[in-house]
Amino acid sequence: RLRRSQLTRRQMDLPIYMDGHATTRVDPRVIEAMLPFFGEYYGNAASRHHRFGWTVRDAVADARAEVAALVGAPARDLVFTSGATESNNLAVKGVAEAARNRGNHIVTARTEHRAILDPCARLEQQGMRVSYLSVGNDGVLDPAALEAAITPTTVLVTVMMANNEIGVLQPIAALARLARARGVAFHTDAAQAAGKVPIDVEADGIDLLSLTAHKLYGPKGVGALFIRHGVAVAPLVDGGGHEGGLRSGTLNVPAIVGFGRAAAICADEMPGEAARLSRLRDRLWDGIRRSLRGVTVNGSMRARLPHNLNISVDGLHGEQLLMGLDDVAVSSGAACTSASREPSHVLRALGLGDTRARASIRFGLGRFNTEAEVDYVIEKLCSLVTRLRAPTPVFDLAEDDRNLPPKWRVY
Ligand SMILES: *Cc1c(COP(=O)(O)O)cnc(C)c1O
């Protein structure tokens, strides 16, 4: 057993990256596509009167078509932004402002990313009303809860497609149908879902959809917002009138080209890649639960991204786990942002107590992870947890008394 792990160790590059919900490595094919646009093709896509402008304008048009195709949208309805944070801000604040005369109410969910919750909080300071819907213990939103929350003053419903911590997928088509039936615009933050699971804004009835390149093996600092033709959005940034006046500023051409290439690769390889990653993810979970007691999955295992695993390890703190896993890059719900010491608002929304929420680790598998890496992580985590638990007599007592009712167990 020792020999096998030593062998694995030699074959592998350490540290191992399994934090694919924070960001992903840029695919080498994407880098290759971008490079000429830092060098010979340096024109401004808005320059109409010379070849330097035309070349990059065509490259941007190709990229727009590739990104739009990934979500089944017409290319003309896509606005390039600096990422999903900006796209979400543009959707939430832009729709709220454009609809100011029609209503002042937004509906969202408690498990949203901060890039939705914080713009909503700012609008609340400015007099808007926001309803934050609860989710089930599995992280899934009940469409009936949305139906009950929509009022005649509701102007926007925004619910993420896939959660960035627990990978849970929301029933977007059902939610969008309810919003539309009441004449309310439906936005979804698809930063985690895009390129990983099929998306079709037409079939799903989505009015606005946020994307970011760096979660799908593209560069950081570029994203997009799909805005269905006819949906009114006020811009956040005024200037030269780029992107149909919705997002002024000279286009980041190399990043946009990379985004297009990354989207095209995802579209091509999605079926095979999703199947491979869900096999790896299941191998990871099976390996962990076979060797460790007191480990639970957070969030639905059925409505879930193929590459996400989020678990809580009883009796331990996420920070202990992260420190112990010194050559594996993962995240914990112990502190969702480095600035905050609060446990994850997502895990709290599932009904987890502080202790359980703090005992969580999130694995985000990706295109460049291998089976050998998964096996290494299983072994490393299991021996770490066994070691951390061993010297604590209190925990042994709890384990020996497993038949006691849960409230008597020591976590
Ligand atoms: C990463 C992420 C964002 C922010 O995207 P940026 O491009 O980094 O601004 C927003 N929402 C979700 C769900 C994310 O995972």
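Quick note: structure is the one above.
What you see is a predicted model, and the numbers here were worked out from it, not measured in a lab.

Student: Help me understand the overall build of the protein chain, please; the structure alone is not making it clear to me.
Tutor: When you go through the protein chain residue by residue, the secondary structure sums to 14 helices and twelve strands. A compact globule built from 411 residues would reach a C-alpha radius of gyration of about 22 Å, and the protein chain, at 23 Å, matches this within 12%. Each principal axis of the C-alpha distribution contributes one length, and for the protein chain these read about 75 × 55 × 35 Å. Residue burial in the protein chain is summarised as follows: out of 411 residues, 54% are buried. At a minimum sequence separation of 6, the contacts of the protein chain that also span at least 24 residues come to 72%. As displayed, the protein chain has an accessible area near 18400 Å², and 51% of this comes from carbon and sulfur atoms. Averaging the coordinates of the 49 positive side-chain charges in the protein chain and doing the same for the 44 negative ones gives two points 2 Å apart.

Student: Can you help me understand the site of the ligand in this one?
Tutor: In the region of the ligand, the neighbouring residues are Gly83, Ala84, Thr85, His113, Met160, Asn164, Asp189, Ala191, Gln192, Thr212, His214 and Lys215. Taking Asp189, its side chain carries an N or O atom lying 2.6 Å from a nitrogen atom of the ligand. In the model, an oxygen atom of the ligand is placed 2.9 Å from a nitrogen or oxygen of the His214 side chain. Alone, the ligand offers 380 Å² of accessible surface; in the complex the protein occludes 87% of this. Taken together, the residues of the shell around the ligand break down into three nonpolar, seven polar and two charged.

Student: Which parts of the structure should I look at to understand helix α7 (residues 172-181)?
Tutor: For an α-helix the count is 3.6 residues per turn, leaving residues at separations of three or four pointing the same way. Among all positions of α7, only Ile172, Leu175, Ala176, Leu178 and Ala179 are buried. On an axial view of α7, the arc spanned by its buried residues comes to 160 degrees, and they lie on one face. Away from the buried face of α7 by more than 90 degrees, exposed residues Arg177 and Ala181 are located. Tucked into the core, α7 has its buried residues touching α6 (143-149), β5 (154-158), β6 (185-189) and α8 (201-204). Two residues or fewer past α7, Gly183 is found with a positive phi of approximately 75 degrees.

Student: Teacher, can you tell me more about the layout of surface pockets here?
Tutor: Unfilled space is identified by rolling a water-sized probe across the atoms. Computed from the structure, the second largest pocket encloses a volume of approximately 350 Å³. Lining of the second largest pocket is provided by 17 residues; of these, Ala45, Ala46, Arg48, Arg57 and Leu251 occupy positions nearest its centre.

Student: For this particular structure, what's the right way to read the environment of Leu146?
Tutor: With respect to the secondary-structure elements, Leu146 resides in helix α6. Overall, the relative accessible area of 0% leaves Leu146 in the buried class. Spatially, the C-alpha atoms of Leu146 and Ser134 are 9.7 Å apart, while their sequence positions differ by twelve residues. Residues in contact with Leu146, not counting those within four places in the same chain, are Val107, Leu133, Val157, Leu175 and Leu178.

Student: Explain the packing of helix α9 (residues 253-291) against helix α13 (residues 371-389) to me, please; I cannot follow it from the model alone.
Tutor: The angle between the axes and the distance between the axes are what describe a pair of packed helices. At a minimum axis separation of 9 Å, α9 and α13 run at an interaxial angle of 25 degrees. The orientation of α9 relative to α13 falls into the category roughly parallel. The way α9 lies across α13 gives a crossing that is right-handed. In this structure, α9 contributes Leu280, Arg283, Leu284, Gly287, Ile288 and Ser291 to the contact, and α13 contributes Glu371, Val374, Asp375, Val377, Ile378, Leu381 and Cys382. Grouping the amino acids of the contact of α9 with α13 by side-chain chemistry returns eight nonpolar, two polar and three charged.

Student: Any chance you could explain the packing of aromatic side chains here in plain terms?
Tutor: Two descriptors summarise a pair of aromatic rings, namely the distance from one centre to the other and the angle between the planes of the rings. Here the structure, examined in full by the defined rule, presents four aromatic pairs. The interplanar angle of 45 degrees and the centroid separation of 5.3 Å between the aromatic rings of Phe37 and Tyr41 together place this pair among those described as tilted. You can call Phe37 buried: its relative accessible area is 13%. Of note, Arg25 hangs over the ring of Phe368, and the distance from its end group to the ring centre comes to 5.5 Å.

Student: For this particular structure, what's the right way to read the pattern of salt bridges?
Tutor: When charged atoms on two side chains of opposite charge get close, those side chains can pair. Counted by the stated rule, this structure contains 22 salt bridges. Between Asp207 and Arg228 there is a salt bridge whose closest N-O contact spans 3.3 Å. One end of the pair, Asp207, is in the loop between α8 and β7 (208-212); the other, Arg228, is in the loop between β8 (223-227) and α9, with 21 residues separating them in the sequence. As a salt-bridge pair, Asp314 and Arg356 come within 3.2 Å of each other at their nearest N and O atoms. One end of the pair, Asp314, is in the loop between β10 (308-313) and α10 (318-324); the other, Arg356, is in helix α12 (residues 354-358), with 42 residues separating them in the sequence. Note on Asp314: relative accessible area 9%, which makes it buried. Connected through shared salt-bridge partners, Asp27, Arg29, Glu269, Glu273 and Arg367 make up one network.

Calculation notes
- All chains use their own residue numbering, which begins from 1 and follows the written sequence.
- Totals for whole chains, interfaces and linings use every residue, but because this is a predicted model, local features are given only for residues with pLDDT of at least 70 and side-chain atom pairs only at 80 or more, for both listing and counting.
- Excluded from the side-chain calculations are hydrogens and water; all other atoms, namely the structure's heavy atoms, are used.
- Put simply, DSSP H or I for four residues or longer makes a helix, DSSP E for two residues or longer makes a strand, and each gets a number counted from the N terminus.
- To get the radius of gyration, use the C-alpha atoms; to get the globule rule, take the number of residues to the power 0.38 and multiply by 2.2 Å.
- A simple rule labels every residue: compare its accessible area, found with a 1.4 Å probe on the protein chains alone, to the largest value its type can have, and call it buried under 20%, exposed over 50%, or partly exposed in between.
- The contact definition used throughout considers only heavy atoms, calling two residues in contact when any of these lie within 4.5 Å.
- Reported accessibility uses the Shrake-Rupley method at a 1.4 Å probe radius. Residues are deemed covered only where the shown protein chains occlude them.
- Residues scored as positive are Lys and Arg, those scored as negative are Asp and Glu, and His as well as the terminal groups of each chain are ignored.
- Where a charge lies is defined by one atom per residue type: Lys uses NZ, Arg uses CZ, Asp uses CG and Glu uses CD.
- Nearness is defined per residue: one heavy atom within 4 Å of the molecule or strand is enough.
- Under the rule applied, a polar contact is a pair of N or O atoms within 3.5 Å (in protein, one hydrogen donor and one hydrogen acceptor; residues adjacent in sequence only if both atoms are side-chain atoms).
- The classification used treats Ala, Val, Leu, Ile, Met, Phe, Trp, Tyr, Cys and Pro as nonpolar, Asp, Glu, Lys and Arg as charged, and all other residues, Gly among them, as polar.
- Arc, as used here, means the arc of the directions from the helix axis to the C-beta atoms.
- Cavities and pockets are found on a 1 Å grid laid over the protein atoms alone: a cavity is a set of points where a 1.4 Å probe fits but cannot escape, a pocket is an open set with protein on both sides within 12 Å along at least five of seven lines, and a lining residue has an atom within 4 Å of such a point.
- Grid points are joined across faces, edges and corners, and a volume is the space filled by probe spheres set on the points.
- Whenever a helix is involved, its axis is fitted only over the stretch in contact; in every case the axis is a line through C-alpha atoms, and angles between N-to-C directions fall within 0 to 180 degrees.
- Any angle between 65 and 115 degrees counts as roughly perpendicular, while under 35 counts as roughly parallel, over 145 as roughly antiparallel, and the rest as oblique.
- Two helices crossing with the near one rotated counterclockwise from the far one by less than a right angle form a left-handed crossing, whereas a clockwise rotation gives a right-handed crossing.
- Classification of ring pairs uses Phe, Tyr and Trp, with its six-membered ring standing for Trp, and accepts pairs whose centres are within 6.5 Å; under 30 degrees between planes counts as stacked, over 60 as edge-to-face, and the remaining range as tilted.
- Lysine and arginine charges are scored as sitting over a ring when NZ or CZ, respectively, is within 6 Å of the ring centre and within 35 degrees of the ring normal.
- Any Lys or Arg side-chain nitrogen found within 4 Å of a carboxyl oxygen on Asp or Glu counts as a salt bridge.

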